[in-house]
Amino acid sequence: TTFFSISYPIFAEEKLNDSLKKYILFDGEQTAAEAGQSFIDGFDEFIGDSAIENVNAAWFKEVDSRVLVNSPLLITLVTQVNEYSGGAHGQHLTFFSNYDIHIAQTIALKDILQKDTYLQLTKIAEKYFRKHEKLSAKESLSKDFFFEDGIFTLNDNFGLTKKSLIIYYNEYEIRPYSDGPTKIEIPYTELVDIINTRGQEYIQSIL
C-alpha cells in the first residue's frame, strides 16, 4: 500500500513552528497533510500514466524530523527522509538545519567562521575525511568519489554537537549509492582558531 508518514516536533511558540516548517517540509508545502496528499497524488498520476503491471512495488515516503540541539541560542533539527517512488531503489536522505532563535535566521556554515577561514576549515575537514576513508594524504579522490576535479569540497549540511562539528554528505552526493552516506566529525579542539565569536556562543550554549 502506498503511504506517506511524518513525525516532527511542535514548539510552544507558534512563530517558531512557522519558521522551522521549511526545514521539515522541503518541497514547500504549508502543512503535513498537504505534503502527504501531494505524494499520494503523485502516485495516482503515475498509475494513471502507466500500465498497472509495470508497478511492482508500493510507493512510500517517511519523514522523521527530530531536535538534535535545543539551547537558548539555537535549534538544530535532523530530518531524515526515506522514500521510494519507483526505480531500482529508494533514497535515504538526512538534513541538518540550524536556526538562530534570537535573530530568527538560518545559520550557514560561513556564519560560524572567522573571516577568510573557510579554506582552512576545508583542509581540516579533508584530513578527517581521509582518516575516515583510510586514505593517505596524497591518494587521489577522483577514482572513488564525485568531487569535481578530485578536489575535496565542503557542503552546507552541518550540525553542531557538544564536542564536534558534523559535516554530512548524503547518498550520491560524493560517492555511489551503494557506498551510502558519509559523516565527518571534527572536534572543536581542531577549530579553536577559526570559529568566530558567534559560533563560540552557539557551542557554549550547547554545553
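Reading the values: rules and limits
Residues numbered from 1 in each chain as written. Predicted model: local features only at pLDDT ≥ 70, side-chain atom pairs only at ≥ 80, totals over all residues. Heavy atoms only, no water. Pairing = 2+ DSSP bridges. Helix = DSSP H or I, 4+ residues; strand = E, 2+ residues; numbered from the N terminus. Axes fitted to C-alpha atoms, helices over the stretch in contact; angles between N-to-C directions. Expected span 1.5 Å × (residues − 1). Buried < 20%, exposed > 50% of the residue type's maximum accessible area, 1.4 Å probe, protein only. Contact = heavy atoms within 4.5 Å. Salt bridge = Lys/Arg side-chain N within 4 Å of Asp/Glu carboxyl O.

Undergrad: I keep staring at the sheet that holds strand β8 (residues 182-187) and nothing clicks. Help me out?
TA: Strand pairs in the sheet, formed through backbone hydrogen bonds, run parallel or antiparallel to each other. Across the sheet, three strands lie side by side as β6-β7-β8; this open sheet has antiparallel pairing. Only two strands of the sheet have a single neighbouring strand rather than two, namely β6 (158-160) and β8. Each neighbouring strand pair of the sheet contributes to a mean axis angle of 20 degrees, computed without reference to strand direction. The sheet contact formed by strand β7 (residues 164-169) and β8 spans six bridges and is antiparallel. Bridged to Leu165 within β8 is Ile186.

Undergrad: Explain helix α3 (residues 118-133) here, please?
TA: Given 3.6 residues to a turn, an α-helix orients residues that are three or four positions apart in the same direction. Taking 1.5 Å as the rise per residue, α3 with 16 residues should run 22 Å; its terminal C-alpha atoms sit 22 Å apart, in good agreement. Residues Leu121, Thr122, Ile124, Ala125, Tyr128, Phe129, Arg130 and Glu133 constitute the buried set of α3. Packed against the buried residues of α3 are β7 and β8. Once α3 ends, the next one or two residues include Lys134, with phi positive near 60 degrees.

Undergrad: Before we go on, may I ask you to explain the pattern of salt bridges in this structure?
TA: Think of it this way: side chains of opposite charge can pair up when their charged atoms draw near. Applying the stated rule across the entire model yields seven salt bridges. Between Lys127 and Glu190 there is a salt bridge whose closest N-O contact spans 2.9 Å. A residue pair is termed long-range when its members are at least 10 positions apart, and Lys127 in helix α3 and Glu190 in the loop between β8 and α4 (197-206) qualify at 63 residues. Classification of Lys127 as partly exposed rests on a relative accessible area of 45%. According to the relative accessible area criterion, Glu190 is partly exposed, its value standing at 28%. Lys183 is the salt-bridge partner of Glu185, the closest N and O atoms lying 3.8 Å from each other. Look at Glu185 and you get partly exposed, because its relative accessible area is 41%.

Without other data, these values stay purely geometric and don't point to any function.
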